[in-house]
Amino acid sequence: MKISKSMIAKIILGGVCLVGIGCTDRTLSSADGVLDQTKQNGSEIVVPHNERLFLSTDKKWINEEGHQSDLIRLQWTADRAKPAIAWADEKGKDKTAIISHDKANNPEQHDHKHLSFETTMSPDGQYADQLFTRLEIPYDMDVSEIRTQSSNFNVMNGILRVAGETGSNRDLQFSVAGEDNKTTPRWAVRADSTKEKGGNTGSDLQFVRYGDDGEVVDSPLTMQRSDGNVGIGTDKPDTKLDVNGDKLRIREKHTPKSSTEPCSQGQMAWDDQYVYVCVAQDNWKRTELSSW
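Close approach of charged atoms lets side chains of opposite charge pair. The full count for this structure, using the stated rule, is twelve salt bridges. Across the salt bridge formed by Asp70 and Arg73, the nearest N and O atoms sit 2.8 Å from each other. Judged by relative accessible area, Asp70 falls into the partly exposed class, the value being 26%. With a closest N to O distance of 3.7 Å, Lys247 and Asp246 form a salt bridge. The two residues Lys247 and Asp246 agree in class, both being exposed. One network of salt bridges, with partners in common, ties together Asp102, Lys103, Asp111, Lys113 and Asp140.

On to the sheet that holds strand β13 (residues 241-243), then. Read from one edge of the open sheet, six strands run β8-β9-β10-β11-β12-β13, paired in mixed fashion. The sheet is open, and its two edges are formed by β8 (170-177) and β13, each paired on a single side. Each adjacent strand pair in this sheet contributes to an overall mean axis angle of 20 degrees, direction not counted. With five bridges connecting them, strand β9 (residues 183-191) and strand β10 (residues 205-210) associate as antiparallel partners.

The next point concerns the nonpolar core. Counting five residues, the largest nonpolar core is built from Cys263, Ala269, Tyr276, Cys278 and Trp284. The residues contacting Tyr276, other than those within four sequence positions of it, are His254, Thr255, Pro256, Gln267, Met268, Ala269, Trp270, Asp271, Trp284, Lys285 and Arg286.

For the rest of this paragraph, the subject is the sheet that holds strand β4 (residues 94-101). Backbone-to-backbone hydrogen bonds pair the strands of a sheet. The strands run either parallel or antiparallel. Across the sheet, five strands lie side by side as β3-β4-β5-β6-β7; this open sheet has antiparallel pairing. Of all strands in the sheet, those with a lone pairing partner are β3 (84-88) and β7 (147-148), marking the two edges. The pairing of β3 with β4 spans five bridges and is antiparallel. Bridge pairing in β4 links Ala88 to Asp94.

Here we come to the confidence of the model for the protein. Per-residue pLDDT for the protein averages 85, and the proportion of residues at 70 or more is 86%. Here residues 1-38 is a poorly scored stretch, pLDDT under 50, and it has 48 contacts once near neighbours within four places are set aside; other chains count.

In this section: the side chain of Thr234. Secondary-structure assignment places Thr234 in the loop between β12 (230-232) and β13. Looking at Thr234, its side chain comes within polar contact range of the main-chain nitrogen of Lys236, at 3.2 Å. Not counting chain neighbours up to four residues away, the residues in contact with Thr234 comprise Thr222, Asp242 and Asn244.

Applying the stated criterion across every chain yields a total of one disulfide. Covalent S-S linkage joins Cys263 and Cys278, the inter-sulfur distance amounting to 2.1 Å. Judged by the torsion about the S-S bond (70 degrees), the Cys263/Cys278 disulfide is right-handed. On the criterion of sequence distance, the pair formed by Cys263 in the loop between β13 and β14 (268-270) and Cys278 in strand β15 (residues 274-280) is long-range, its members being 15 residues apart. As far as burial versus exposure is concerned, Cys263 and Cys278 are alike and both buried.

Let us look at the side chain of Arg170. Checked against the element boundaries, Arg170 lands in strand β8. Despite being buried, Arg170 has no salt bridge partner; Glu196 is the closest side chain of opposite charge, sitting 4.4 Å away. Within the structure, Arg170 has its side chain in polar contact with the backbone oxygen of Asp192 (distance 2.9 Å). Not counting chain neighbours up to four residues away, the residues in contact with Arg170 comprise Val162, Ala163, Gly164, Glu165, Val189, Arg190, Ala191, Asp192, Glu196 and Ser203.

Definitions and limits used
- Residues numbered from 1 in each chain as written.
- Predicted model: local features only at pLDDT ≥ 70, side-chain atom pairs only at ≥ 80, totals over all residues.
- Heavy atoms only, no water.
- Salt bridge = Lys/Arg side-chain N within 4 Å of Asp/Glu carboxyl O.
- Buried < 20%, exposed > 50% of the residue type's maximum accessible area, 1.4 Å probe, protein only.
- Pairing = 2+ DSSP bridges.
- Helix = DSSP H or I, 4+ residues; strand = E, 2+ residues; numbered from the N terminus.
- Axes fitted to C-alpha atoms, helices over the stretch in contact; angles between N-to-C directions.
- Core = buried A, V, L, I, M, F, W, Y, C linked by side-chain atoms within 4.5 Å.
- Contact = heavy atoms within 4.5 Å.
- pLDDT = per-residue confidence, 0-100.
- Polar contact = N/O pair within 3.5 Å; in protein donor to acceptor, adjacent residues only side chain to side chain.
- Disulfide = S-S within 2.5 Å.
- Lys, Arg positive; Asp, Glu negative; His and termini not counted.

Below, the structure written as structure tokens:
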């Protein structure tokens, strides 16, 4: 028996059990005034205004049995087809969409192979009112490189979290973009892979720098979680500030007006004649400089 589109619409709206879909617990009839209103408009099936479709299932996802949990399935049947779920404004113009497709519109571009969430560009910009990908989730890969495009990401009254097992690096990375969405890292803020053994040890914070080839050069700054020590050029600082280098620079001169000028213990300063050290609250000492 050949089933027309209008018959399919009536079956869906009537809540009839379809193979592999399941049932609703409500059966509509013509007395409800719904089936009689369903109509076909060209190639579209039009559902009456303010009516809704309700689908349910108790089936799990089983590949060999035909994906029984797929209540709605959108399939592309040509290379560059883009099946979409779209939301339109009161004038019928698309404003947002969820699209999954394999290839780009332009044959010269790389294959997209992603699910994308799209919204329109500004009405007075270069690409006025065009749908534009804001979030894309690639498929056919073990680790999916989720990307955003022309989007700012805000966390309001919440947490932006990078988590992982102890003994693994957890990175927030800054990269440069290249062709075909390839990225090359330049910097990373990292909770490193040092093991957590209690006593607040492990998972130290590092700033990692990369070379032009995207390989790690070093970690120029490290902060230990156990004691808060900061290392510059060393990942094992043993004082509050541990500099692995042969110079330390204070760029600006300062000459205390007197030995009791306000200061905090440990402050240092210099000028052309002396090096000054604050040895106690509001108590400067100095030593004279000489040439050799």
